[in-house]
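# Structure assessment
Residues per chain, in single letters:
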Amino acid sequence: MSARLTPEQVELRDAVRELARERIAPRAAEIDERGEFPRDVVELLARHDVFALGYPAEYGGLGEPLLTNCLMIEEVSRVCATSGLVLAVQALGSLPLLLAGSDEQKRRWFPGLASGELLDAFALTEAGAGSDPAGIRTRAVRDGDGWRIDGTKRFISHGSVADIVAVFAVTDPEAGRHRDLSCFYVERGMPGFEVARLEHKMGIRGSPTAELVFDGVRVPDANRVGEVGEGFRIAMRTLDRSRPGVAAQAVGIAQGAVDVAVAYAKERVQFGRPIADQQMVQAMLADMATRTEAARQLLYEACERIEAGERDASRWAAMCKLFAGDTAMAVTTDAVQVLGGYGYITEYPVERMMRDAKITQLYEGTQQIQRLVIARALLSGQ
Amino acid sequence: MRIVVLLKAVPVVGNEKLVDGWRVDRSAGLEANGNDEYVLEAGLKLIEQHGGELVTLTMGPTPALEAIRKALAMGAARAVHVQDPALAGSDALATGRVLAAALSRMEYDLVFVGADTSDGQGGVVGAAIATRLGSPYLSYAARIEPDPSAGTVRVRRISATGYDVIEAPMPALVAGTQLLGEPRYPSLRGIMQARSKQIATWSLADLGIDASSVGSGASLTDVDSATPPPARAGATVVRDAPDVAAERIVEFLAARRLI
Amino acid sequence: MAGEIWAIGEIVDGQPTRLSRELATLAASLAATAGRGARSVLVGAGAGDAAQALAAHGPDVLAVEADTADRPAATVIAGHVAALVREHQPSFLLVGASNDGRDVAGILQALLEWGTLVNAAGVAWQDGGPQAEMSVFGGRLSTLSHLASDHGIVIVRPSAVTAEEAAQPGRVERAEPSDVPELAAVRVVERIREASAAVSIEEAPVIVAGGRGVGGPDGFGVVEDLADALGGVVGATRAVVDAGWIGYAHQIGQTGKTVKPALYVAAGISGAIQHKVGMQLSGTIVAVNRDPDAPIAEFADLMVVGDLFEILPRVSAAVRARRGG
């Protein structure tokens, strides 16, 4: 039991743990194999108010802090990383609204997002603009009382299933770095908004990653979130609060791998004894569990500091994501090793966990970008 | 419609901690009895359909609170918890007496109880309570259909040859089975709301029951001894191809004179 | 004089149930050891005729004709037995662990304020009273318990003893107890017969049970066929009953029935604790499972690793061939 969790958080976590273990875990292999977005899991999470957790109570949410949401992402990812990502993406796509949306905008979208009736997505990345938002080419120009958006976004999680997508587009190319972007919510079905293709991926295979094309999409000014030119700031503040979600997914994946490896080591008999009796196996399990717990504690600490509004939130967000992502990769790799040949085949879940873990080192900023953020904060004396 | 669900907190099956050789440690690790969750689910559905209030009634030590809170999170409006140190070790007879006394202080149209408990009171407590209260008793329910306007309840009761449709005026006591349908998981909103729901704690004094008439001292049954059952020798493992495997099964059965 | 030991019987389709016959045999043997009298009691429509069959097991039978057409049998039985108990003052009542039996025992417990030993898998006479053997805590312990007073109720599981006919059959005595306590009325609206409910898995000497491994409702074909070949009945796990592959009457385990056949064949059953508690007392357990690490390997006598659809039909054929040859 964690010293920092409230009894209520423990109760909420345990409820989702049970739900994940009994209802989502049996689906995980199938979701991965078929590469289908798990609508049933979305429905399950919606019915049990898991989406609602992080939204403000006045807009149909449960008003819980970032940490509680991360606990849920962790528990679901422990059995199925694709399903854990469903929660992480929903939170990500709502953050621009939460951070910069008007009361009217929140009233319009939050109840549907909190109930799981609506899904959202976050579209910042482009083919030529991954780690560097300065490369963004998508343009939004004034068009009467609204805007016209043209451009292409790539690697957008849930882009093909989202009802609303937060799109970051250049509104003033002359304004210079950090002032040229604005944020718009584009709704599914708006003329000119198309899903161009879905990526074939190594892991999180049930989570659709889409290329989105905006061809003269007319968006009313009411869908613009924040001030014109505020987009970069909104995006960066969003990442401060969303990177812990990726870290939570990574911690969950790592814990899931520890669970499987420990159970397997106790059952698998070689040389007449369970392999758990072998000290070399014990050492691996001990390291895996310790790293996972360290990642978890750093994540929880980061959540509390970000929630408290500390000035170096970016550094904490980057640190927890960096450490948890690397931990997930290392621990799942070791889990495959503990299972030996069985770890490499689809009969056991650890090969899937290892493939899923890799993404946590890549999205919402590669590990290299996290290090850059951390180093910058350190060197600027924050 | 007012429904009271009798909810027992039992040790997790297969995970019981034993003390003094055979007594089960009820100080930790209790969960709601399986059949009780089925009747709770049936009750919640009826409240959704007809309106009203569902209250749980539990007799048990402090760790029973976990099961009670889960029931509140699932949708029960409030809970009554009969708790008294003198109750420890009560037999089925005393349990029936205490729960009947508690129910006589509550208002209800229906009382639901699980057809039996996993920690072994033999499925007799429901019938005993109904008898004490002078209420109709409808047991082994696979379906429960109250008719509030007629003031009656109809139950599909599992019988040795199929099922009986039985009916009685309310208030009545119904013992239900797994066929009532899977219990729901509590929603997170339900869990958060449960924290502000009322759990009333009643002592034996509140119920006007003499402490010496319950508990292990008053139990009319005693355990003489408890031993682990004889261990099985361990399985002979067969991994042959189907033809040979089938042959080996038949030989095995023949050797034991089972065919 | 010390009070009698009574066996409370049940009538289904005009006949005493097998469990009632077992209770009569048990009452006779306990009474012989104790030097007390034994009696069976039958209450219901056609009790007089059914009593003749029950008397073959030794004890005299008190037969009470009572209308059970539109009332649940348990209420009728319990009320009349309570009145007879007040009249004849027996010491101990043996009641069967059937649905009706449990209801009868619960009602009698409250009417008589008697202690109750439940779920007895065996009963012996010890220190002036019945001593019941029970399997508790998921089969981890077997306990011996007794009643703390000189009267009480013992609920006895099927197959605790084998029903035997006595050299000297008992007599049948018609009884019409007075002052039968009035129990709150429950009306039987209709009785529905279902072929699937007629299986008495608790009494079957051989059970072939299917779990998730049978794959679907059609998969039970090979299970049924083997049960047929072995002269047994079909059992099932909760998972497959919940999935609707087979009826609840077949379910064995924590929220289903507890069985103790001479032979239990577990096909495609992993052996989770919830199932194990319902069948671990079986005489011989044979498991057929693809997964050599399934928990059932820990308590089976013969663990066959393989495809049940390949293996079961071959066993059925071989068993039939042996019988034919």
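Residues numbered from 1 in each chain as written. Chains lettered and ligands numbered in written order. Predicted model: local features only at pLDDT ≥ 70, side-chain atom pairs only at ≥ 80, totals over all residues. Heavy atoms only, no water.

## Regarding the sheet that holds strand β18 (residues 302-305) of chain C
Spatial strand order, β15(B)-β18(C)-β17(C)-β16(C)-β14(C)-β15(C): 6 strands in an open sheet with parallel pairing. Each edge of the open sheet is held by one strand with a lone partner, namely β15 (236-238) of chain B together with β15 (233-236) of chain C. With direction set aside, neighbouring strand axes in the sheet form an average angle of 20°. One ladder, built from 4 bridges, connects strand β17 (residues 284-289) of chain C with β18(C); its direction is parallel. Following the sheet pairing, C:Ala287 is matched in β18(C) by C:Met303. With respect to the sheet, helix α8 (residues 308-324) of chain C is in contact with β16 (263-267), β17 and β18 of chain C, its orientation differing from that of β17(C) by roughly 135°. (Pairing = 2+ DSSP bridges. Helix = DSSP H or I, 4+ residues; strand = E, 2+ residues; numbered from the N terminus. Axes fitted to C-alpha atoms, helices over the stretch in contact; angles between N-to-C directions. Contact = heavy atoms within 4.5 Å.)

## Some thoughts on the sheet that holds strand β9 (residues 129-136) of chain C
Pairing in this open sheet of 4 strands is antiparallel, and the strands run β14(B)-β10(C)-β9(C)-β8(C) from one edge to the other. Each having just a single partner strand, β14 (221-227) of chain B together with β8 (122-126) of chain C make up the two edges of the open sheet. The mean angle between the axes of side-by-side strands here comes to 30°, regardless of whether they run parallel or antiparallel.

## What to know about the state of the cysteines
Here a disulfide denotes one covalent bond, and it connects the sulfur atoms of two cysteines. All names here are of chain A. Within the structure shown, the criterion is met by 0 disulfides over all chains. Between Cys70, a free cysteine, and Cys303, which holds the nearest cysteine sulfur, the sulfur-to-sulfur gap is 3.7 Å. Looking at Cys70, the relative accessible area reads 1%, which means it is buried. Free cysteine Cys80: the closest other cysteine sulfur is in Cys70, separated by 18 Å. Take Cys80: its relative accessible area is 3%, and that puts it in the buried class. (Disulfide = S-S within 2.5 Å. Buried < 20%, exposed > 50% of the residue type's maximum accessible area, 1.4 Å probe, protein only.)

## A look at the packing of helix α3 (residues 66-79) of chain A against helix α4 (residues 81-100) of chain A
For any two helices packed against each other, one specifies the inter-axial angle together with the distance between the axes. All names here are of chain A. Two elements in contact, α3 and α4, have axes separated by 6 Å at closest approach and are oriented at 155°. Compared by their axis directions, α3 and α4 come out roughly antiparallel. Touching Asn69, Met72, Ile73, Val76, Ser77 and Val79 of α3 are Ala81, Ser83, Gly84, Leu87, Ala88 and Ala91, all from α4. (Parallel < 35°, antiparallel > 145°, perpendicular 65-115°, else oblique.)

## Quick notes on helix α5 (residues 103-115) of chain A
Residue and element names in this part refer to chain A. For α5, which comprises 13 residues, the first-to-last C-alpha distance of 18 Å matches the rise-based estimate of 18 Å (1.5 Å per residue) to within 8%. Along α5, the largest kink reaches about 35° and is centred on Trp109; proline Pro111 follows within four residues of it. For α5, the set of buried residues is Gln105, Lys106, Trp109, Phe110, Gly112, Leu113 and Ala114. Lining the buried residues of α5 we find α4, β1 (120-123), β4 (164-170), β5 (181-187) and β8 (224-225). (Expected span 1.5 Å × (residues − 1). Bend = angle between axes of the 7 residues up to and from the residue.)

## Quick word on the pattern of salt bridges
For the structure on display, the rule yields 63 salt bridges over all chains. A salt bridge links A:Asp221 to A:Arg224, with the shortest nitrogen-to-oxygen separation between them at 2.9 Å. Since its relative accessible area comes to 16%, A:Arg224 is described here as buried. When the shortest N-O distance is used, the salt bridge between C:Arg174 and C:Glu65 registers 3.7 Å. In this pair, C:Arg174 is assigned in strand β12 (residues 172-174) and C:Glu65 in strand β5 (residues 60-65), connecting sequence segments 109 residues apart. On the accessibility criterion, C:Arg174 (55% relative accessible area) is exposed. What emerges from the salt-bridge pattern is a single network uniting A:Arg4, A:Glu301, A:Glu304, A:Arg305 and A:Glu310. (Salt bridge = Lys/Arg side-chain N within 4 Å of Asp/Glu carboxyl O.)

## Some details on the interface of chain C and chain B
Counting residues at the interface gives 85 residues for chain C and 78 residues for chain B. When residues of chain C are sorted by the area they lose upon contact with chain B, C:Phe137, C:Arg140 and C:Tyr248 head the list and together hold 9% of the total. Counting across the chain C and chain B interface gives 8 salt bridges. Among the salt bridges present, the one from C:Asp100 reaches B:Arg157, with a minimum N-O distance of 2.7 Å. Broken down by class, the residue content of the side of chain C that touches chain B amounts to 46 nonpolar, 22 polar and 17 charged. Of the strand pairs in this sheet, β15(B) and β18(C) are connected by 3 bridges, and their pairing is parallel. Within β18(C), the residue paired with B:Val237 across the bridge is C:Met303. (Buried area = accessible area lost by both parts, 1.4 Å probe. Nonpolar A, V, L, I, M, F, W, Y, C, P; charged D, E, K, R; others polar.)

## Considerations on the packing of aromatic side chains
Per the counting criterion, the structure on display carries 10 aromatic pairs over all chains. Between A:Tyr59 and A:Phe110, the aromatic rings sit 5.7 Å apart at their centres with planes inclined by 70°, giving edge-to-face as the arrangement. One end of the pair, A:Tyr59, is in the loop between α2 (39-47) and α3; the other, A:Phe110, is in helix α5, and 51 residues separate them in sequence. An aromatic cluster is defined as three or more aromatic residues linked by ring pairs; in this entry it consists of A:Tyr55, A:Tyr59 and A:Phe110. The side chain of B:Arg156 reaches across the aromatic face of B:Tyr163, ending 3.9 Å from its centre. (Phe/Tyr/Trp six-rings, centres within 6.5 Å; stacked < 30°, edge-to-face > 60°. Lys NZ or Arg CZ within 6 Å of the ring centre and 35° of its normal.)

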